[in-house]
Amino acid sequence: MEKRVFNLNAGPAILPEEVIKEAQEQLFTLPGAGMSILEMSHRSKKFDEILLSAKNGIKSLLDISDDYEILFLQGGASLQFSMVPLNLMPPKNKADYIVTGSWSKKAVKEAKRVGTVNIAASTESENFKRIPKPEEIKLDPDSAYVHFTSNNTIYGTQWHAEPQVGNLPLVCDASSDILFKKIDVSKYALIYAGAQKNIGPSGVVLVILRKDLLERSSDSLHTMLNYKTHVENNSLYNTPNTFGIYMIDLVAKHLVKKGGLDAMYKTNLEKAKLLYDCIDSSDGYYKGHAEKDSRSLMNVTFRLPSEELEKKFIDEVTKAGFVGLKGHRSVGGLRASIYNAFPLLGIQELVKFMIEFKAKNG
Ligand SMILES: *Cc1c(COP(=O)(O)O)cnc(C)c1O
């Protein structure tokens, strides 16, 4: 079999090796089904079991109460940029958005098509190198909700605690850090996350939605854009991404087996610390993009002394078996996406490479 590389892609991204192997083993015939998951009706009893198990897996990992619905939808996090305001903004037709990166900006763009957007805070003038401080966030007490992006995949910044929003409903795009640790879901009105960063393949988006919010969804909305449709039909109004939901189920079971999200968080802290310590102890050779107190545990963004050296680094690191380190064009430099499934061993090897690269090219 061909060797697997250390995959540092931002998304679609690395999945647990055990899960990939399990899916591979079960791909020809899913036990008890006599056929592949790829060939199975979404209305079959077997798929019902998988869907229920995936929902329960997410519910138990995050300790989600029965006040919330768990949906598996399509259109990615990007369609949630529209569905959130379409469903939740009326009747007030205004909402607060905290802008911490390109994804937040895209969310704002769609919300503006529905109603008035108050930019409650933005760190754009500093190239999104940090998360706003609590005193910088100016909320409208009468807004329909407050939207924020928990982890900024491109810039490598992350909120270490939810923004304080009082009684306003809190909506979160958690695409690139969902399940990286246990969060208190009861603080949120709605959480959405494209699966392809931390919990599964592309083509499915997880939505965790507090049931009382469904009152806001108008019957005049397009059927597929209405959260009520998907709640009433258990995410089966139309054909869902059956394989994606199956993979999320396997990933959730894998996380439980590994000790749940507290264990995951501990490893994530350890992994990120190794990499940031390497950056911080390089006498400025490696420079982190994010300010220290805003650093992401999922996406580590950094630069080298010159673009030439960055090119050389990428060439050589790729040859050494690490893939996906080229930074997003809006930040430049390098980005290591070290999601849940990226192994500690891979970080140790990468740090070794970085120390040697600096010694040779310092
Ligand atoms: C990747 C990403 C998105 C876009 O997800 P799609 O599933 O491609 O629509 C949105 N928000 C964040 C934070 C992301 O990392």
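Residues numbered from 1 in each chain as written. Predicted model: local features only at pLDDT ≥ 70, side-chain atom pairs only at ≥ 80, totals over all residues. Heavy atoms only, no water.

*Asks:* How should I be thinking about the site of the ligand in this particular structure?
*Replies:* Surrounding the ligand, one finds 13 residues, the nearest of these being Ser 78, Thr 153, Asp 173, Gln 196 and Lys 197. Between the ligand and Asp 173, the relevant distance is 2.6 Å, taken from a nitrogen atom to a side-chain nitrogen or oxygen of the residue. When the free accessible area of the ligand is taken as 390 Å², the share hidden by the protein chains comes to 87%. The residue makeup of the shell around the ligand, split by class, is three nonpolar, eight polar and two charged. (Near = heavy atom within 4 Å. Polar contact = N/O pair within 3.5 Å; in protein donor to acceptor, adjacent residues only side chain to side chain. Areas by Shrake-Rupley, 256 points an atom, 1.4 Å probe, with all protein chains shown as cover. Nonpolar A, V, L, I, M, F, W, Y, C, P; charged D, E, K, R; others polar.)

*Asks:* Where do I start with unusual backbone geometry in this structure?
*Replies:* Residues apart from glycine generally show negative phi values, whereas peptide bonds are mostly found in trans. In this structure, the amide linkage connecting Gly 11 to the following residue, Pro 12, adopts the cis form with an omega of -10 degrees. Within the secondary structure layout, Pro 12 lies in the loop between β1 (6–7) and α1 (17–26). The residue after Pro 90, namely Pro 91, is reached through a cis peptide bond having omega 0 degrees. Within the secondary structure, Pro 91 sits in the loop between α3 (76–88) and β3 (94–99). With a phi angle near 60 degrees, Asn 93 is a residue other than glycine that sits in the positive phi range. With respect to the helices and strands, the residue Asn 93 is situated in the loop between α3 and β3. What makes Asn 93 partly exposed here is its relative accessible area of 33%. (Helix = DSSP H or I, 4+ residues; strand = E, 2+ residues; numbered from the N terminus. Buried < 20%, exposed > 50% of the residue type's maximum accessible area, 1.4 Å probe, protein only.)

*Asks:* Would you take a moment to explain the nonpolar core for this structure?
*Replies:* Nonpolar side chains in soluble globular proteins generally cluster together in the buried interior. In terms of nonpolar packing, the biggest core is built from 52 residues, with Ile 58, Leu 62, Phe 72, Ile 178, Leu 179 and Ile 208 touching the most fellow members. Apart from the residues within four sequence positions on either side, Phe 72 is in contact with Leu 51, Ala 54, Lys 55, Ile 58, Val 204, Val 205, Leu 206, Ser 235, Ile 245 and Ile 248. Judged by nonpolar contacts, the second largest core, of 34 residues, contains Leu 8, Leu 325, Val 351 and Met 354. (Core = buried A, V, L, I, M, F, W, Y, C linked by side-chain atoms within 4.5 Å. Contact = heavy atoms within 4.5 Å.)

*Asks:* Quick question: what am I supposed to make of the packing of α1 against helix α6 (residues 242–257) here?
*Replies:* Across the interface, α1 lies against α6 with an axial gap of 10 Å and an inter-helix angle of 130 degrees. Compared by their axis directions, α1 and α6 come out oblique. In terms of crossing hand, the pair formed by α1 and α6 is right-handed. When α1 is examined against α6, the residues Glu 18, Val 19, Ile 20, Glu 22, Ala 23 and Gln 26 are found in contact with a partner set consisting of Tyr 246, Met 247, Leu 250, Val 251 and His 254. Considering only residue class, the contact of α1 with α6 consists of seven nonpolar, two polar and two charged. (Axes fitted to C-alpha atoms, helices over the stretch in contact; angles between N-to-C directions. Parallel < 35°, antiparallel > 145°, perpendicular 65-115°, else oblique. Left-handed = near helix turned anticlockwise from the far one by under 90°.)

*Asks:* Before we go on, may I ask you to explain the domain arrangement of the protein in this structure?
*Replies:* The figure often quoted for interface size is the accessible area lost as the parts come together. Once the domains are mapped, the protein shows domain 1 (18–257) and domain 2 (260–361). Look at where the C-alpha atoms of domain 1 and domain 2 centre, and you get two points 27 Å apart. Between domain 1 and domain 2, the contact holds 26 residues from the first and 24 residues from the second. Counting each side, the surface lost to burial between domain 1 and domain 2 is near 2,100 Å², with a carbon and sulfur contribution of 53%. Of all residues in domain 1, the largest losses of buried area upon contact with domain 2 belong to Lys 129, Ile 154 and Phe 180, amounting jointly to 25% of the total for that side. On the surface where domain 1 and domain 2 come into contact, there are one salt bridge. Salt-bridge contacts for Lys 129 lead to Glu 291; the nearest nitrogen and oxygen are separated by 3.7 Å. For the pair domain 1 and domain 2, the number of links is 15 residue pairs in polar contact (both at pLDDT 80 or more). (Domains from an automatic or database assignment. Buried area = accessible area lost by both parts, 1.4 Å probe. Salt bridge = Lys/Arg side-chain N within 4 Å of Asp/Glu carboxyl O.)

*Asks:* Got a minute to help me understand the packing of α3 against helix α4 (residues 102–111) in this structure?
*Replies:* What describes two packed helices is the angle between their axes and the distance between those same axes. Two elements in contact, α3 and α4, have axes whose closest approach is 8 Å; the angle formed by their N-to-C orientations is 45 degrees. Between α3 and α4, the crossing angle belongs to the class labelled oblique. With respect to the hand of their crossing, α3 and α4 are arranged in right-handed fashion. Facing Ser 78, Phe 81, Ser 82 and Pro 85 of α3, the residues of α4 in contact are Trp 103, Lys 106, Ala 107, Glu 110 and Ala 111.

*Asks:* How should I be thinking about the packing of aromatic side chains in this particular structure?
*Replies:* In this description, an aromatic ring pair is defined by two values, namely the gap between the centres and the angle between the planes. Using the criterion set out here, one finds 17 aromatic pairs in the structure. Judged by centre distance (5.9 Å) and plane angle (90 degrees), the ring pair of Phe 180 and Tyr 265 falls under edge-to-face. Taken together, the residues Phe 180 in the loop between β8 (170–173) and β9 (190–194) and Tyr 265 in helix α7 (residues 260–280) connect sequence positions 85 residues apart. Note on Phe 180: relative accessible area 6%, which makes it buried. By relative accessible area, Tyr 265 is classed as partly exposed at 27%. The interplanar angle of 85 degrees and the centroid separation of 5.3 Å between the aromatic rings of Phe 313 and Phe 353 together place this pair among those described as edge-to-face. Note that Phe 313 is positioned in helix α8 (residues 307–319) and Phe 353 in helix α9 (residues 344–361), a separation of 40 residues in sequence. Across the pair, Phe 353 and Phe 313 agree in class, each one buried. The rings of Tyr 285, Tyr 286, Phe 302, Phe 313, Phe 353 and Phe 357 are connected pair by pair, giving a single aromatic cluster. (Phe/Tyr/Trp six-rings, centres within 6.5 Å; stacked < 30°, edge-to-face > 60°.)

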